[in-house]
Amino acid sequence: MKTVNIFFLFILISSISIIAQKLDFSNSQIIISNEIDSKIQSTAFKILNEEVLKRTNIQLRQSPVWESNNKNAIIVCLSNLKEIFGKKIPKNVNTNSPEYKSEGFRLVLSNDGSNDILWIIGFDSRGILFGIGEFLRRAELSENKISIESNLDFASSPEYPIRGHQLGYRNTANSYDAWSVDQYEQYIRDLVIFGTNAIENIPLGDEGDDSPHFKISRKEMNIELSKICDNYDVDYWVWTPATIDLSDAELFKSEVAKHEAYYKETPRLNQVFFPGGDPGHNHPKYVMPFLKELHSKLIKYHPKAGVWISLQGFSEEQIDYFYKYLADEKPDWLSGVVSGPSSPPIAETRFRLPKEYKHRQYPDITHNVRCEFPALNFDQAYALTLGREGINPQPEYYAKIHGDYAQFTDGFVAYSDGCHDDVNKVIWSQRGWDTQKNVRDILIEYSQFFFGKNIAIESADGILALEQNWLGPLKANGSVETTFSFWKNLEKQNPELQNNWRWLLLQLRAEYDNYVRRRLIYEKDLEKQANMILENINEENYNQKMNLALLKINEAETKPISQNLKSNIVKYCDDLFKIIGLQTSVELYQASGAQRGCILDFVDHPLNNRWWYQDELKKINELKNVSEKIEHLKTIRDWENPGVGSYYDDISNIANSPHVTTTVFDAVDFVWLDDGKSRIRLSSQVYQNDPILEYENLDPNARYILRLTGYGDALLRIDGERLEPTLYNKEIEQFKEFIVPKRVVGDGKITVTFDRPEESNINWRDYSRISDVWLIKR
């Protein structure tokens, strides 16, 4: 038995040795085949040389001929060649192998007896660059050393032909508007290294709304972005809405002329995307002739370019009109349809769309609330502070979204308004290439390429931990503190990464999450103590107790906690602005708006109800009747504590809605008022239009009152039976009350539902909503 165990141990050690063996390519000559397009030859060497130099301090040499005195070589060539400089190119006998498919490549090592050769073999120009990207992601690049596994033979081609990201140079972006041409090129290169083949710009519209951060004008940058895409053989898309009235002949004509002028001056242009109704309000009977006219101008300068449309915001009648137009006119000038936020269901679109037209997704991977794919189970504390464009690496979540919808499309160009969603972009690019690729493996490659091999696994797991920070009630999520400690240790161990903006984004998130959680626990406890002070109030002591309660809840400001974390947050934000132009404050960094990633402006936003408390106590002081003052104070004190046998739900607050069974899937339930600085009660800042609540273990002999607040109407049913109110105030934080019939409580259970009132004539922001619900036992 001992002999057998020793034998297997020997085999195991030998196997590990073989697996771990690396070949050294630190002093290699670089040969790039002349059969590759000259522009791509230049780009290929530029990527290899610059990215290797950053990580190793090795200056690569490009050799026009084979140098026999060199032991090793890296040869870049096309898959249709048989040999180069007398060296036979390794061939796969299977002609269906990935390197013979569009954008495909193969990395393989060979040895001719005296030379180790790493072959980067691409089917086409893109295959060459994607092959180089694969090499850079998997090679071990350290100080003065380039090594690669000795048994390397890897081939791959993409599953989906469209894998892109929107990087619009405009004022509303939270970072792109501060970028130079060099920064744009580096970022596009990074995306290409991870499999991206399309970039979308926003060149038209918002005229006059220039950013204070622009390095060059929009017109100049539009041309430069087109050139970069051409150098990297990346499809250059443009997003071009029409906010004018296309039924006006003169406006129609001038808009076409504006487009044509842009097409003429743009070096490369592959696709024009027209969002049907976001923004814009034109009927497709005007849109389709407009797009047909645009196409006729477009192909004068870019003969192979296409035109796409989305049905965002279209009514059912407009959608039917569009499909009838396709059936009747069969427009060969239309390339395809884009599905984005407020579009018809993506599966339905693919089903109704004739097969000759392509279908592209326009997913929102940049926003956290009030969006297409909001953060799941998001705590209100995060919604108030990190907000809509907070740093949002959610690799598992966005990989699942891609998996759910990709099957109905030809690919995607994702919506983005800044670098804060960088991890999500890489996840989508890699899953667009290979839907089965493991998310953690993607993150390890991401971390190895941007942070270094030594901490690749730890950083990948740290990113996954940051995603867990956002799942569920924050107060109960003790892993936030652990994740913070994990990232702080990584930071201490890797000071060389202090100027790496991707690293700083992740460090900032870990610090910010923990600061918010500590404040949440502290401030909620202060509010609880303030409410306890208001116990046993009477005519003699109410004024003193009211003042003491106010002092207590205000300790969030007079005695703030964890100021060392806040100081670190401030420094991270400043560093990120200097390095990558991330604008986390309107006042300090001239962000275009409070919703545009201004996490520094909301870092100390109240996480208890002290602003509401302050305002309510002012109202109480203005009352003349002492009894009214005391009753008002009791309402404040008992808001979330209706007494024994009674129940309270803060609708859509996952930390305090035990009876709510519904979810708002676009997260518009986090209301945005007063530029994010609303002083109303926090429970009034979350809502649902038609929540469902379920109660069990009720007393069948008791009388219950259903009380609620919100805004507008409340068409309430209990167990399907419509009830009439006994009190019905429609304003925010005013009460409606309904008597619960005893007959529905007989089994100890009730289900509360709400009918939606007819409000099609008003903006969705003004729809009726439910914020707080009490079931009060009398």
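Here, every reference points to the structure presented above.
Here the residue numbers are simple positions, counted from 1 along each chain's written sequence. Per-residue local features of the predicted model are confined to residues with pLDDT of at least 70, and side-chain atom pairs are confined, for both listing and counting, to 80 or more; whole-chain, interface and lining totals are unaffected and use all residues. Hydrogens and water molecules were not included; the side-chain quantities draw on all heavy atoms of the structure.

Structural notes on the sheet that holds strand β8 (residues 116-122)
Now for step 1: A pair of strands is considered paired only if DSSP assigns at least 2 bridges between the two. Under the scheme used here, helices are H or I runs from DSSP no shorter than 4 residues and strands are E runs no shorter than 2 residues, and both carry numbers assigned from the N terminus. Strands sit in the order β3-β2-β4-β8-β7-β11 across an open sheet of six strands; the sheet is mixed. The strands lining the two open edges of the sheet, one partner per strand, are β3 (61-62) and β11 (153-156).
Now for step 2: As defined by bridge partners, strand β4 (residues 72-78) adjoins β8 across seven bridges and the pair is classed as parallel. If you follow Leu78 over to β8, its bridge partner there is Gly122.
Now for step 3: Those strands touched by helix α2 (residues 38-56) are β2 (29-32), β3 and β4, and its axis lies near 155 degrees from that of β2. Throughout, a contact is declared for two residues whenever any of their heavy atoms are within 4.5 Å. Working convention: axes come from line fits to C-alpha atoms, limited for helices to the stretch in contact. Angles between N-to-C directions cover 0 to 180 degrees.

Notes on the pairing of β8
Now for step 1: Residue exposure (1.4 Å probe, protein chains only): buried if accessible area is under 20% of the type maximum, exposed if over 50%, otherwise partly exposed. With seven of seven residues buried, β8 is to be regarded as a mostly interior element.
Now for step 2: With seven bridges connecting them, strand β7 (residues 105-111) and β8 associate as antiparallel partners. Along β8, the bridge assignment pairs Asn111 with Asp116.
Now for step 3: The loop that links β7 with its antiparallel partner β8 comprises four residues; one of these, Gly113, has a positive phi angle of about 105 degrees.

A short note on the sheet that holds strand β1 (residues 22-24)
Now for step 1: The strand order β1-β10-β9 describes an open sheet built from three strands, whose pairing is antiparallel. The open sheet has two edge strands, β1 and β9 (140-142), and neither has a second partner. Neighbour-to-neighbour, the strand axes of the sheet open up by a mean angle of 25 degrees, direction not taken into account.
Now for step 2: The pairing of β1 with strand β10 (residues 145-149) spans three bridges and is antiparallel. Looking at β10, one finds that Asp24 is bridged to Ser147.
Now for step 3: Running over the sheet, α2 touches β9 and β10 and is turned about 55 degrees from β9.

Digging into helix α8 (residues 316-329)
Now for step 1: The length a helix should cover is 1.5 Å for every residue beyond the first. Its 14 residues give α8 an end-to-end C-alpha distance of 20 Å, which sits within 8% of 20 Å, the value for a rise of 1.5 Å per residue.
Now for step 2: Of the positions making up α8, those classed as buried are Gln318, Ile319, Phe322, Tyr323, Tyr325 and Leu326. For α8, the angular spread of buried residues about the axis comes to 150 degrees, placing them on one side. Looking at α8, the residues exposed on the side facing more than 90 degrees away from the buried face are Glu316 and Lys324.
Now for step 3: The inward-facing, buried residues of α8 abut α7 (284-301), β16 (306-310), β17 (334-339) and α9 (346-352).
Now for step 4: A positive phi of about 45 degrees marks Lys330, the residue just after α8. This arc describes the spread of directions from the helix axis toward the C-beta atoms.

Some details on the pattern of salt bridges
Now for step 1: Whenever Lys or Arg places a side-chain nitrogen within 4 Å of a carboxyl oxygen from Asp or Glu, that contact is recorded as a salt bridge. Enumeration according to the criterion identifies 64 salt bridges in this entry.
Now for step 2: Where Glu445 meets Arg137, a salt bridge forms, and the shortest distance between an N and an O atom there is 2.7 Å. You can see Glu445 sitting in helix α13 (residues 439-451) and its partner Arg137 sitting in helix α3 (residues 125-138), a full 308 residues away along the chain.
Now for step 3: Take Glu445: its relative accessible area is 16%, and that puts it in the buried class.
Now for step 4: Of the residues examined, Arg137 reaches a relative accessible area of 5% and is grouped as buried.
Now for step 5: A salt bridge links Glu149 to Arg138; the nearest nitrogen and oxygen atoms lie 3.0 Å apart. On the criterion of sequence distance, the pair formed by Glu149 in strand β10 and Arg138 in helix α3 is long-range, its members being 11 residues apart.
Now for step 6: Overall, the relative accessible area of 24% leaves Arg138 in the partly exposed class.

Remarks on the packing of helix α14 (residues 456-469) against helix α15 (residues 479-493)
Now for step 1: Put simply, α14 and α15 touch, their axes get as near as 10 Å, and they point 150 degrees apart. Considered as vectors, α14 and α15 are oriented roughly antiparallel to each other. Where α14 crosses over α15, the handedness of that crossing is left-handed. Two secondary-structure elements touch here, α14 through Glu458, Ser459, Gly462, Ile463, Ala465, Leu466 and Asn469 and α15 through Ser479, Val480, Thr483, Phe486, Trp487 and Leu490.
Now for step 2: Class assignment of the residues belonging to the contact of α14 with α15 gives a composition of seven nonpolar, five polar and one charged. For this classification, under 35 degrees means roughly parallel, over 145 means roughly antiparallel, 65 to 115 means roughly perpendicular, and everything else is oblique. For a crossing to be left-handed, the near helix must be turned anticlockwise from the far one by less than a right angle; the clockwise case is right-handed. Under this grouping Gly is polar, as are all residues other than the nonpolar Ala, Val, Leu, Ile, Met, Phe, Trp, Tyr, Cys and Pro and the charged Asp, Glu, Lys and Arg.

Section: the nonpolar core
Grouped burial of nonpolar side chains is what soluble globular proteins tend to show.
Now for step 1: In this structure, Phe135 and Leu136 are the most contacted members of the largest nonpolar core, which totals 157 residues.
Now for step 2: Per element, the largest residue contribution to this core is 11 residues, and it comes from helix α16 (residues 501-533).
Now for step 3: In this structure, Leu136 is in contact with Ile47, Leu48, Glu51, Val52, Leu141, Ile193 and Phe449, ignoring residues within four places of it in sequence.
Now for step 4: One finds Ile651, Tyr695, Ile750 and Val773 within the second-largest nonpolar core, a separate group that totals 23 residues. Nonpolar cores were defined as sets of buried Ala, Val, Leu, Ile, Met, Phe, Trp, Tyr and Cys residues, with membership established by side-chain atoms within 4.5 Å.

A word on the environment of Gln318
Now for step 1: Tracing the backbone shows Gln318 in helix α8.
Now for step 2: Put simply, Gln318 and Asp210 are 108 residues apart on the chain and 34 Å apart in space, counted from C-alpha to C-alpha.
Now for step 3: Other than its neighbours up to four places away in sequence, Gln318 contacts Asn282, His283, Pro284 and Gly313.

Focus: the packing of aromatic side chains
Here the distance between the centres and the angle between the planes together describe a pair of aromatic rings.
Now for step 1: Stacked, tilted and edge-to-face are the three classes applied to pairs of Phe, Tyr and Trp rings, where Trp contributes its six-membered ring and a pair requires centres within 6.5 Å; stacked means planes under 30 degrees apart, edge-to-face means over 60, and tilted covers the rest. Tallied over the entire structure, the rule returns 41 aromatic pairs.
Now for step 2: When the ring of Phe273 is compared with that of Tyr362, the centres are 5.4 Å apart and the planes differ by 80 degrees; the resulting orientation is edge-to-face. Remark: Tyr362 occurs in the loop between β18 (358-361) and α10 (380-385) and Phe273 occurs in strand β15 (residues 271-275); sequence separation between them is 89 residues.
Now for step 3: Exposure remark for Phe273: the relative accessible area of 0% places this residue in the buried category.
Now for step 4: Overall, Tyr362 belongs to the buried group, its relative accessible area being 5%.
Now for step 5: Criterion for a charge above a ring: Lys NZ or Arg CZ within 6 Å of the ring centre, and within 35 degrees of the ring normal. Above the plane of the ring of Phe194 lies Arg137, whose end atom (NZ or CZ) is 5.3 Å from the centre.

Comments concerning the side chain of Asp772
Now for step 1: With respect to the helices, strands and loops of the structure, Asp772 is situated in strand β28 (residues 769-777).
Now for step 2: For Asp772, which is buried and forms no salt bridge, the nearest opposite charge comes from Arg681, at a distance of 4.8 Å.
Now for step 3: By the criterion applied in these results, polar contacts are pairs of N or O atoms within 3.5 Å in which, for protein atoms, one can donate a hydrogen and the other can accept it, and in which residues neighboring in sequence qualify only through two side-chain atoms. Engagement of the side chain of Asp772 in a polar contact is seen with the side chain of Trp639, the distance being 3.2 Å.
Now for step 4: There is a polar contact of 2.5 Å between the side chain of Asp772 and the side chain of Tyr648.
Now for step 5: Among all residues touching Asp772, those that are not within four sequence positions of it are Trp639, Tyr648, Asp649, Ile651, Ser683, Ser684, Arg707, Leu708 and Thr709. Under the counting rule used here, the positive set is Lys and Arg, the negative set is Asp and Glu, and His together with the chain ends is not counted.

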